[in-house]
Amino acid sequence: MRAQCSYWAFSPKINKYIPISCEPMSLFPTIVNLKQKSVYCRSCHRWEYIAAFSNNILKSQCGHLYEGPFAYENSIFNYGYHVAKTKNNYLILVKSQTVVKQNRRLIENFYELNLERKVLSKNGKSVFESEDLASGLCPEITEEILKDLGDRYKKEFGIVPTIASKFRGFSLIIGYMLSPFNINFYKISHHWALNPYDKDFSTLSSGNTPTAENEMFHSLGIKPSKSVRKLYQSFPEGVISYAAVKDLGFSDVNILLKSANPLCYAFFKFCMVNFSDGEISYSIRLSLKKFVGDMLAVSSEKTVWNSLERTFNFFADEKIPNNVIIDGINSYPICADALSDKEKKDVLHEGFNDYTHDFLVRRADIVQAQNANALSARMFDENQEKDEKFEIEQPHLDLAYKCGENRTTIRTGDGKIETVEVKDEDRYCFYVAQSSAELRTVGSEMHNCVGWCYTELARKKYCTIVYAKYKNKYRICIEVSPKFSIRQALGPGNRVLQGEDLLAYQEWCRAKNIKFKKVF
């Protein structure tokens, strides 16, 4: 099929992109600083205050006039596009330039959007959420592609799914392409151990947008108010931290909305928060609920929230090891009854940091020595450097797996072809963590919290941790429920699985007959 080609260029007169008949030419964007309310005057070669602005024309204090486009210094401005469309593909050449006072640089990026395979590639490499794609495509071309997708959905589903998202550009298109009934869901789908590029991903929730989103909110225990829907559209991951904070006992709507921020989300993501069968779970949930419950009994929600905010800020501080904060939270329930009201208020005022960690661990040690309570001892032992073997039933041990073929053919130096055994290090091998020491190694290598937070869960058979290695590196960490459903499947640093890691995880799911019928 012959491709339909078109050129688009930015028009300074109407401040939007328009189709043209030839290659777009680069521009001279007017450099502005809205915070300082100033513009860089090319005639005077200095910054000047903005004196007036009308009809897309800016007047500097020195009297010179400038028209759009207006851009920040050291930003990237897309001055044109070359779009070629076939039956199932959009080939888009994005022409950009650096916005600087002098010596501007021209940049070209080639995007290929395959509507049939639902894959976006940038310069030959598939992209998902590894980078910000919002600024890569103008609204005019975005609208054209969305209309094309809508027509396809009309034929497939009989309806055109509504678009309720604040995403822009390629991010919006990916969301509408992968999850048309719940556009923003592809950003947070890894909390349900889902792969957005799975061919059945768009059918895992209901057949219309409101129902699909309502089911998700119901599973999170959230009432989908107008403010919550706006939050979800602008920062999808925010509903995860919103639900986690609500579960802690907070009811103030303003506080819950504040919890939908990157720092709070990063904290709960590190703790591997997940939602299964309508229930929320993560390693330090009970300890954190104990702290919040005790503090709400003697103080206001705002004060307790401020304490947690300080904790999230400490957690984001690279100088403070993450396990210091987690251990401090886990130590609180052990010594809570032995703390005076003043000591509790001190912890509340400080939040969980290196100082409160040392204080709480010492007090927990004293309680441990004075009271040989079995439960307290067990909670405290989670962080000790002893090796504890887990009693794992055979069906869960059978989750171990080696990807690919056992043998392969190679050509020797004399030209002969020989069949040799494939080494474990040269293919993805999945192992079942069978001891606390093994969990600590996985947590240390993959920079997640399974090392010090999942010993108790594994001991009580609440979950099984499966991990995969490739080229002697830890690549995948999976939390499996007693019913063999997947609660989480993440890479190092709790990153979403992509590329070879994702393909290996999919092969493991097929080999172990793990399937998703419905997301919520």
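Scroll up for the structure.
These numbers come from a predicted model, not from an experiment. (Residues numbered from 1 in each chain as written. Predicted model: local features only at pLDDT ≥ 70, side-chain atom pairs only at ≥ 80, totals over all residues. Heavy atoms only, no water.)

1. Some remarks on the overall build of the protein chain
Thinking step 1. When its secondary structure is counted, the protein chain shows 18 helices and 22 strands.
Thinking step 2. Along the first, second and third principal axes, the C-alpha set of the protein chain runs to 80 × 75 × 55 Å.
Thinking step 3. Every one of the 520 residues in the protein chain was classed for burial, and the buried ones make up 49%.
Thinking step 4. For the protein chain, contacts bridging at least 24 residues in sequence account for 59% of all contacts bridging at least 6. (Helix = DSSP H or I, 4+ residues; strand = E, 2+ residues; numbered from the N terminus. Buried < 20%, exposed > 50% of the residue type's maximum accessible area, 1.4 Å probe, protein only. Contact = heavy atoms within 4.5 Å.)

2. Some thoughts on the environment of D365
Thinking step 1. With respect to the helices and strands, the residue D365 is situated in helix α12 (residues 354–370).
Thinking step 2. The partly exposed category is assigned to D365, whose relative accessible area is 42%.
Thinking step 3. The sequence separation of D365 and C335 amounts to 30 residues, and the corresponding C-alpha distance is 8.5 Å.

3. Digging into the packing of aromatic side chains
Thinking step 1. Enumeration according to the criterion identifies 27 aromatic pairs in this entry.
Thinking step 2. Centroid distance F268 to Y282: 5.5 Å. Interplanar angle 80°. Geometry classified as edge-to-face. Of this pair, F268 sits in helix α7 (residues 262–270) while Y282 sits in the loop between β15 (279–281) and α8 (285–296); the two residues are 14 residues apart in sequence, bridging distant segments of the chain. For the residue pair F268 and Y282, the accessibility class agrees, reading buried in each case.
Thinking step 3. Each residue in the set F250, F267, F268, F270, Y282, W305, F312 and F315 is aromatic and connected to the rest through ring pairs, giving one cluster. (Phe/Tyr/Trp six-rings, centres within 6.5 Å; stacked < 30°, edge-to-face > 60°.)

4. Some remarks on the nonpolar core
Thinking step 1. Ranked by internal contacts, the top residues of the largest apolar core, which has 114 residues, are Y81, I92, F250, F267 and F268.
Thinking step 2. Dropping the residues within four chain positions of it, I92 is found in contact with Y81, H82, V83, N109, F110, Y111, L137, I145 and F170.
Thinking step 3. Within the second largest apolar cluster, 21 residues are counted, among which are Y428, I486, A504 and C509. (Core = buried A, V, L, I, M, F, W, Y, C linked by side-chain atoms within 4.5 Å.)

5. What about the sheet that holds strand β13 (residues 125–127)?
Thinking step 1. One open sheet holds the seven strands; their spatial order is β2-β1-β9-β10-β11-β12-β13, and the pairing between them is antiparallel. Of all the strands in the sheet, the pair left with one neighbour each is β2 (16–20) and β13. This sheet shows a mean twist of 30° between the axes of neighbouring strands, independent of strand direction.
Thinking step 2. As paired strands, strand β1 (residues 4–11) and strand β9 (residues 75–85) are joined by six bridges and run antiparallel to one another. Note that in β9 the partner of Y7 across the bridge is H82. (Pairing = 2+ DSSP bridges. Axes fitted to C-alpha atoms, helices over the stretch in contact; angles between N-to-C directions.)

6. Some words on the pattern of salt bridges
Thinking step 1. Enumeration according to the criterion identifies 21 salt bridges in this entry.
Thinking step 2. The partner of D424 in a salt bridge is R427, and the shortest N-O contact between them spans 4.0 Å.
Thinking step 3. Under the relative-accessibility criterion, D424 is labelled partly exposed at 33%.
Thinking step 4. Each of the salt bridges in this network shares a partner with another, and the network as a whole consists of E388, E456, R459 and K460. (Salt bridge = Lys/Arg side-chain N within 4 Å of Asp/Glu carboxyl O.)

7. Regarding the sheet that holds strand β21 (residues 473–480)
Thinking step 1. Within the open sheet, the five strands sit side by side as β16-β19-β20-β21-β22. Their pairing is antiparallel. In this open sheet, the two strands that pair with only one neighbour each are β16 (401–402) and β22 (486–490).
Thinking step 2. Two strands pair when backbone bridges link them, and β16 and strand β19 (residues 429–432) are joined in this way by two bridges, in the antiparallel orientation. Each residue of the ladder has a partner; that of Y401, found in β19, is F430.
Thinking step 3. Against the sheet, helix α15 (residues 436–446) contacts β19, β20 (464–470), β21 and β22, and its axis sits at roughly 120° relative to β21.
Thinking step 4. Against the sheet, helix α18 (residues 499–511) touches β16, β19, β20, β21 and β22, its axis set at about 40° to β21.

8. Overview of helix α5 (residues 238–248)
Thinking step 1. Of all eleven residues in α5, ten are buried, a share of seventy percent or more.
Thinking step 2. Regarding α5, the residues found buried are G238, V239, I240, S241, Y242, A243, A244, V245, D247 and L248.
Thinking step 3. After α5 finishes, the residue G249 shows a positive phi value of roughly 125°.

9. Things to note about the pairing of β20
Thinking step 1. The buried count for β20 comes to six of seven residues, which makes it a mostly enclosed element.
Thinking step 2. If you look at the hairpin formed by β20 and β21, you'll find two residues sitting between the two strands, and K471 has a positive phi there, around 55°.

10. Observations regarding empty space enclosed by the protein
Gaps left between atoms are located by rolling a probe of water-molecule size over the structure's atoms.
Thinking step 1. Scanning the model with the defined rule gives three cavities of 30 Å³ or more in all.
Thinking step 2. The space that makes up the largest cavity amounts to roughly 90 Å³.
Thinking step 3. Around the largest cavity, the lining residues are H190, A193, L194, N195, P196, A489, V496, L497, L502 and Y505.
Thinking step 4. Split by residue class, the lining of the largest cavity holds eight nonpolar, two polar and no charged. (1 Å grid on protein atoms, 1.4 Å probe; cavity = no way out; pocket = protein on both sides within 12 Å on 5 of 7 lines; lining within 4 Å. Points joined across faces, edges and corners; volume = space filled by probe spheres on them. Nonpolar A, V, L, I, M, F, W, Y, C, P; charged D, E, K, R; others polar.)

11. Overview of α7
Thinking step 1. Of the positions making up α7, those classed as buried are C264, Y265, F267, F268, K269 and F270.
Thinking step 2. The secondary structure elements touched by the buried residues of α7 are α5, α8, α9 (301–316), α10 (322–335) and α16 (450–453).
Thinking step 3. Capping of α7 at its N-terminal end is provided by N261; its side-chain oxygen lies 3.1 Å from the backbone amide nitrogen of L263.
Thinking step 4. Among the residues trailing α7, M272 stands out with phi positive, at a value near 60°. (Polar contact = N/O pair within 3.5 Å; in protein donor to acceptor, adjacent residues only side chain to side chain.)

12. Looking at the side chain of S96
Thinking step 1. Its place among the elements puts S96 in strand β10 (residues 89–99).
Thinking step 2. Residue S96 is classed as buried on the basis of its relative accessible area of 4%.
Thinking step 3. There is a polar contact of 2.5 Å between the side chain of S96 and the side chain of N78.
Thinking step 4. Leave out the neighbours within four places in its chain, and S96 touches I76, F77, N78, Y79, R105, L106 and I107.

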